Amino acid sequence: MSNLKVDLKSSNVDMQNILEYKEQVKEIDTKLRTNSNDQSDFRGWIELPTNYDKEEFSRIKEAAKKIQSDSEVFVSIGIGGSYLGARAVIDSLTSTFYNYKKQSTPQMLYAGNNISPVYLNELIDLIGDRDFSINVISKSGTTTEPAIAFRVFREILENKYGVEEARKRIYVTTDKAKGALKQLSIEEGYETFVVPDNIGGRYSVLTAVGLLPIAVAGINIDALMQGAKEAQDKYQDSDLKYNECYQYAVARNILHKDQKDIEILVNYEPKLHYFTEWWKQLYGESEGKMGRGIFPAGVDFTTDLHSMGQYIQEGKRHLFETVINIEESASDILMKEEEDNLDGLNYLSGKTMDYVNKKAMEGTIEAHVKGRVPNIVINIDKLDEKTVGHLIYFFELACAVSGNILGVNPFNQPGVEEYKKNMFRLLEKPGY
Ligand code: PA5
């Protein structure tokens with residue numbers, strides 16, 4: 001069983017404030033859940049942990065097994081919602097040094113998330129002569145960054161293995177019917193997986209978009225979905241008083257009304273770095289529109305206490321923090337007594353490193369709250385598949401509710417097109 005508790009005691013927001021939003025949240029809950037499987041909007045993720053394509057789920061597991069057996073390296077090609085979710089889960093649930101270790105599952109590499117030729121050349125160099133497969137992921141099938149990387153990797157695969165064998169090493173995740181990638185997959189006979197119509201990129205990690213790379217890395221995707229299902233069940237209650245997910249959504253809006261324009265997601269576990277990147281996209285793209293939105297930022301503590309700590313403690317008071325606290329560390333180190341105590345650390349002897357990390361967290365929360373930075377704390381038992389599935393669902397649902405409180409549509413991203421139009425015009429793409 002996964003568990004998650006929201007602690008608002010350092011947030012400066014009390015339950016009475018929160019409950020003033022009771023009726024508004026009830027209305028939003030009804031709006032979100034009514035016909036949530038309607039294909040014409042983007043709420044398919046709400047029912048996803050129970051209502052997913054079981055046949056495709058089995059095919060994902062089969063494909064992952066094949067890739068594990070014939071590839072030393074796996075390259076996931078995608079950007080934004082077609083990249084960050086998989087990386088967030090993989091980094092959270094595998095060794096920090098996964099890619100440096102020899103193991104039974106492939107090395108996980110990522111391409112198509114930038115347009116740097118240096119990055120791509122160095123990646124190709126790193127793969128060297130090793131056997132590899134690729135998964136190109138793009139809902140639209142037309143995004144420039146992954147399209148360029150895919151073109152390059154397709155050629156490398158075809159030169160290395162021949163056209164026929166290359167086809168067996170290319171996995172495509174895209175729209176079920178439209179887009180250039182779908183067309184190409186039909187013509188070439190690539191194995192394809194579907195990004196459901198009613199799920200937008202940043203809400204798609206628990207579809208094939210995230211699940212294939214996650215399964216290739218050896219992560220138990222059944223347990224991941226089960227954690228999300230536990231969250232789906234837990235946050236069914238439309239009554240704000242009993243729904244901690246909705247309380248988080250409301251609390252951040254109350255803080256925002258009090259001039260707190262930036263939310264910093266804080267972790268004390270480096271594995272969560274990419275989880276924060278996923279969260280930043282989720283909230284940034286969902287809420288930042290119509291001149292509104294809380295700017296989502298992230299820090300890895302205690303590392304960033306030595307770089308960003310000064311600003312958070314004493315800079316402009318427009319910040320609040322949301323801290324993810326993992327209660328049970330997956331492993332620990334006991335501090336021993338040393339006879340000469342030259343480093344002066346004997347006061348820690350008999351204590352564990354996780355204990356020190358927790359005290360750093362408690363001390364930091366106390367300091368930041370004193371410096372007028374409210375802190376919301378999200379406590380999770382441990383970092384495992386179920387809890388990560390639960391956290392994903394928690395943040396997705398909270399984001400949808402929060403965006404509605406802000407008065408924006410949390411499922412579109414009209415602003416993302418602006419730079420593309422200019423880039424295409426400058427590149428003299430036909431039609432621009
Ligand atoms: O959340 C979103 O919709 C975006 O971030 C997309 O995921 C991103 O732009 C990539 O798009 P696509 O999957 O169509 O290549």
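Up top is the structure these notes are about.
Residues numbered from 1 in each chain as written. Predicted model: local features only at pLDDT ≥ 70, side-chain atom pairs only at ≥ 80, totals over all residues. Heavy atoms only, no water.

Participant: What's the story with the environment of A86 in this structure? I'm lost.
Facilitator: With respect to the helices and strands, A86 occurs in helix α5 (residues 84-93). Measuring from C-alpha to C-alpha, the distance between A86 and K280 comes to 14 Å, with 194 residues separating the pair along the chain. For A86, the contacting residues outside a window of four places in its chain are V205, G210, P213 and I214. (Helix = DSSP H or I, 4+ residues; strand = E, 2+ residues; numbered from the N terminus. Contact = heavy atoms within 4.5 Å.)

Participant: Whenever I open this one, the site of the ligand confuses me. Can you help?
Facilitator: Close to the ligand lie 13 residues, the nearest being S82, S138, S140, T143 and Q281. Side-chain polar atom of E285 to an oxygen atom of the ligand: 3.0 Å apart, as the coordinates give it. Look at the ligand: alone it shows 380 Å² of surface, and the protein chains cover 87% of it. When the residues that make up the shell around the ligand are grouped by side-chain class, the tally is one nonpolar, nine polar and three charged. (Near = heavy atom within 4 Å. Polar contact = N/O pair within 3.5 Å; in protein donor to acceptor, adjacent residues only side chain to side chain. Areas by Shrake-Rupley, 256 points an atom, 1.4 Å probe, with all protein chains shown as cover. Nonpolar A, V, L, I, M, F, W, Y, C, P; charged D, E, K, R; others polar.)

Participant: Just checking my understanding: could you explain the pattern of salt bridges for this structure?
Facilitator: Think of it this way: side chains of opposite charge can pair up when their charged atoms draw near. Counted by the stated rule, this structure contains 28 salt bridges. One salt bridge connects R202 with E285, and the closest N-O pair in it is separated by 3.0 Å. On the criterion of sequence distance, the pair formed by R202 in the loop between β6 (191-194) and α10 (208-216) and E285 in helix α13 (residues 273-287) is long-range, its members being 83 residues apart. (Salt bridge = Lys/Arg side-chain N within 4 Å of Asp/Glu carboxyl O.)

Participant: I'm lost on helix α9 (residues 180-188) in this one. Help?
Facilitator: One turn of the α-helix equals 3.6 residues, which is why residues spaced by three or four share an orientation. Listed in full, the buried residues belonging to α9 are L181, K182, S185 and E188. Taken around the axis of α9, the buried residues stretch over an arc of 140 degrees, which confines them to a single face. Structural note: α9 exposes I186 and E187 on the side pointing more than 90 degrees away from its buried face. Positive backbone phi, at 75 degrees, marks G189, one or two positions downstream of α9. (Buried < 20%, exposed > 50% of the residue type's maximum accessible area, 1.4 Å probe, protein only. Arc of directions from axis to C-beta.)

Participant: Even after reading the chapter, I still don't get the pairing of strand β2 (residues 73-77), so can you show me in this structure?
Facilitator: Successive residues of a regular strand alternate their side chains across the two faces of the sheet. Of all the five residues making up β2, five are buried; the element is thus mostly covered by neighbouring parts of the structure. Burial along β2 is two-sided: V73, V75 and I77 and F74 and S76, pointing in opposite directions, are all buried. By the bridge criterion, five bridges tie β2 to strand β3 (residues 107-111) in an arrangement that is parallel. By the bridge assignment for β3, S76 is matched with Y110. Remark: the β2/α5/β3 crossover connection has right-handed handedness. (Pairing = 2+ DSSP bridges. Right-handed = clockwise from strand over helix to strand, strands pointing away.)

Participant: Where do I start with the pairing of strand β8 (residues 295-300) in this structure?
Facilitator: Pairing between strand β7 (residues 262-267) and β8: six bridges, direction parallel. Considered in β8, the bridge of L265 is made with G298. Read from β7 through α13 to β8, the crossover connection turns out right-handed.

Participant: Looking at this structure, how should I read the nonpolar core?
Facilitator: One finds V89, L212, I214, F275, W278, F394 and F395 to be the most contacted residues of the largest nonpolar core, which totals 86 residues. No other element matches helix α16 (residues 385-406), which puts twelve residues into this core. When residues no more than four places from it in sequence are discounted, the contact partners of I214 are A86, V89, I90, V205, I219, I221 and L224. Residues V75, A111, L120 and L157 belong to the second largest nonpolar core, which totals 21 residues. (Core = buried A, V, L, I, M, F, W, Y, C linked by side-chain atoms within 4.5 Å.)

Participant: Explain the sheet that holds β7 here, please?
Facilitator: Taken in spatial order, the five strands of this open sheet run β1-β10-β9-β7-β8, and their pairing is mixed. The two strands at the open ends of the sheet, each matched to only one other strand, are β1 (4-7) and β8. The sheet shows a mean angle of 20 degrees between the axes of neighbouring strands, taken without regard to direction. (Axes fitted to C-alpha atoms, helices over the stretch in contact; angles between N-to-C directions.)

Participant: Sorry if this is basic, but what is going on with the side chain of Q232 here?
Facilitator: Of note, Q232 is situated in helix α11 (residues 221-234). Accessibility expressed as a relative area gives 3% for Q232, which makes it buried. Within polar-contact distance, the side chain of Q232 engages the side chain of T50 at 3.2 Å. With near-sequence residues (within four places) excluded, Q232 lies in contact with I46, E47, P49, T50 and Y393.

Participant: How do you make sense of helix α7 (residues 144-161) when you look at a structure like this?
Facilitator: Given a rise of 1.5 Å per residue, 18 residues ought to cover 26 Å, and the 26 Å separating the end C-alpha atoms of α7 matches this to within 8%. Restricting attention to buried positions, one finds in α7 the residues T144, E145, P146, A149, F150, F153, L157 and Y161. Positioned one or two residues after α7, G162 has a phi angle of 85 degrees, which is positive. (Expected span 1.5 Å × (residues − 1).)

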